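# Structure assessment
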Amino acid sequence: MRPPTALRRSLSRVFASLGLASILVGASMTGCDVEETPVCGNGKIEAGEACDGTHFGAAACADFGFDSGALTCSAQCTVDSSTCAFADADGDGALTDAETAAGTDPTNPDSDTDGFTDGEEIAAGSDPLTLDSWPVSLQRWPNRLVEFPADSGVATGWTKGKMAANVAFTDQYGNPFDLHQLYGYNVVITVGARWCGPCNEAAKTSEAMWEEFSNQGIVFVEMLVDGPTPGKQATLTDIQFWAKKYHLQFPVAFRSGAGSSLDAAVSSLPTYFFIGRDMVVRDIFEGYPGDPLIRSKAKKLLTQ
Ligand SMILES: [Ca+2]
Ligand SMILES: [Ca+2]
Ligand SMILES: [Ca+2]
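No experiment lies behind these values; they were computed from the predicted model shown.

### What about helix α6 (residues 236-245)?
Among the residues of α6, Asp238, Ile239, Trp242 and Ala243 are the ones counted as buried. Projected down its long axis, α6 carries its buried residues within an arc of 130 degrees, all on one side. Those residues of α6 that are exposed and aimed more than 90 degrees away from the buried face are Thr237, Lys244 and Lys245. Buried residues along α6 sit in contact with α4 (197-203), β8 (218-226) and β9 (252-255). Immediately downstream of α6, the backbone of histidine 247 shows phi near 55 degrees, a positive value.

Here's what the structure looks like:
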């Protein structure tokens, strides 16, 4: 049933007056510059607020240099980034902020290609940006085997100017390593034996010699061909004895497996092989002439 005409007219007037009232309120809000007081906690970012509740505008952890996590908003409506986090994008054990501080590449696990990760080097205190600095405390050696050229164009051999053939060693920790993994370093191989008097004499100052040159890019390798008995090949026990007796922290080794061309190239003990960063033999010296001559040959190696 429709309402009587008089009542309809009356209702229309009421609605019309309500509509007019609404329009009047809207006009007064926009026309008089009434500013709302910002309320921190109302969930709206207002003047003077960087965030409110779960609202941060377009801000995210990445804007603060972080890799992951979520921002939080403080009771004062300021952004709190303490809940953001750094990631280890390259899995080398060093978070992005540590890599940034060290100057290493957070997307490359071994920035200087010495075979030790940036994380290992930062933790151990060696320089992750320098090939010639590596962490001795980890009891393993630089490894640049992947850098060794498949074909250097230089003939292999154990005479001056030849490319040193690879030698498979076992070190004093019982671990295998290859001569060619030291490609990129100068290498001084001393071939000796436990029974050899001059070898023992030379070994007394080997550690000091290595400490003098190690941060200049020379890796010393002390290889024992024999143990205490001439003609009887050195064992892990012999090289561990040798390393302990002379306090040697650099590689002390015996050759693993079958004989190599290095054995055939040695006719007296000790024999020193001075090898350049390109793994080419630069100099050879038979016998122990005393440290001054060995030192001068090592220095010469650095200039070649
Ligand atoms: Ca990293
Ligand atoms: Ca490294
Ligand atoms: Ca390094």
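Text resumes after the structure shown.
### Observations concerning the environment of asparagine 143
The residue asparagine 143 is located in the loop between α3 (118-124) and β5 (168-171) in this model. On the basis of neighbour count, asparagine 143 is assigned to the partly exposed category, with 19 C-beta atoms found within 10 Å. Considered as a pair, asparagine 143 and aspartate 114 are 29 residues apart in the sequence and their alpha carbons are 5.9 Å apart. With residues up to four places along the chain from it excluded, the contact list for asparagine 143 reads Gly115 and Gln181.

### A closer look at the sheet that holds strand β11 (residues 281-286)
Strand order across the open sheet formed by seven strands is β6-β5-β9-β8-β7-β10-β11, with mixed pairing between neighbours. Since the sheet does not close on itself, it has two edges, and those belong to β6 (176-178) and β11, each with one partner. Recorded for the sheet is a direction-independent mean angle of 30 degrees between the axes of neighbouring strands. Strand direction decides the pairing type here: β8 and β9, joined by two bridges, are parallel.

### Some thoughts on unusual backbone geometry
Omega for the peptide link from leucine 269 to proline 270 comes to -10 degrees, which places this bond in the cis form. Locating proline 270 in the fold gives a position in the loop between α7 (261-265) and β10 (271-275). If you check the backbone angles, glutamine 139 has positive phi at about 60 degrees while not being a glycine. Positive phi, normally seen in glycine, also occurs at histidine 247, with a value near 55 degrees. Within the fold, histidine 247 resides in the loop between α6 and β9. Judged by C-beta crowding, with 11 C-beta atoms within 10 Å, histidine 247 ranks as exposed.

### Some details on the nonpolar core
Of all hydrophobic cores here, the largest spans 50 residues; its most connected members are Val219 and Met223. The greatest single-element share of this core, amounting to seven residues, is contributed by β8. In contact with valine 219, other than residues within four places in its own chain, are Trp141, Pro142, Leu182, Tyr185, Val187 and Phe250.

### Concerning the pairing of strand β7 (residues 186-193)
Counting buried positions along β7 gives eight out of eight residues, so the element sits mostly inside the fold. The side-chain alternation of β7 yields two buried faces, one formed by Asn186, Val188, Thr190 and Gly192 and the other by Val187, Ile189, Val191 and Ala193. Bridge analysis of β7 against β8 gives eight bridges, and the strand direction is parallel. By the bridge assignment for β8, valine 188 is matched with phenylalanine 220.

### A look at the pairing of β11
As defined by bridge partners, β10 adjoins β11 across five bridges and the pair is classed as antiparallel. In the sheet register, threonine 271 faces β11, and the bridge partner there is glutamate 286.

### Remarks on the environment of glycine 197
Summarising the element assignment, glycine 197 is placed in helix α4. Note on glycine 197: 10 C-beta atoms within 10 Å, which makes it exposed. With 73 residues separating them along the chain, glycine 197 and proline 270 place their C-alpha atoms 9.4 Å apart.

### Observations concerning the confidence of the model for the chain
Per-residue pLDDT for the chain has a mean of 88; in total, 88% of the residues score no lower than 70. Counted against residues more than four places away or in other chains, residues 1-31, with its pLDDT under 50, gives two contacts.

The rules behind the values
- Every chain begins its residue count from 1, and numbering advances along the sequence as written.
- Chains carry letters and ligands carry numbers; both start at the beginning, A for chains and 1 for ligands, and go up in the order they are written.
- Selection of residues for local features in this predicted model requires a pLDDT of at least 70, selection of side-chain atom pairs for listing and counting requires 80 or more, and totals for whole chains, interfaces and linings are taken over all residues.
- Buried residues are those with 20 or more other C-beta atoms within 10 Å of their own C-beta, exposed residues have 12 or fewer, and partly exposed residues lie in between; C-beta atoms are placed from the backbone.
- Helix numbers and strand numbers start at the N terminus; a helix is a DSSP run of H or I with at least 4 residues, a strand a run of E with at least 2.
- Arc, as used here, means the arc of the directions from the helix axis to the C-beta atoms.
- C-beta atoms are placed from the backbone for every residue, and two residues are taken to be in contact when these atoms lie within 7 Å.
- Two strands qualify as a pair provided DSSP detects at least 2 bridges between them.
- Helix axes are fitted only over the stretch in contact, all axes being lines through C-alpha atoms; the angle between N-to-C directions runs from 0 to 180 degrees.
- Linking buried Ala, Val, Leu, Ile, Met, Phe, Trp, Tyr and Cys residues through C-beta atoms within 7 Å yields a set, and such a set is a nonpolar core.
- Known as pLDDT, the predictor's per-residue confidence is scaled from 0 to 100.

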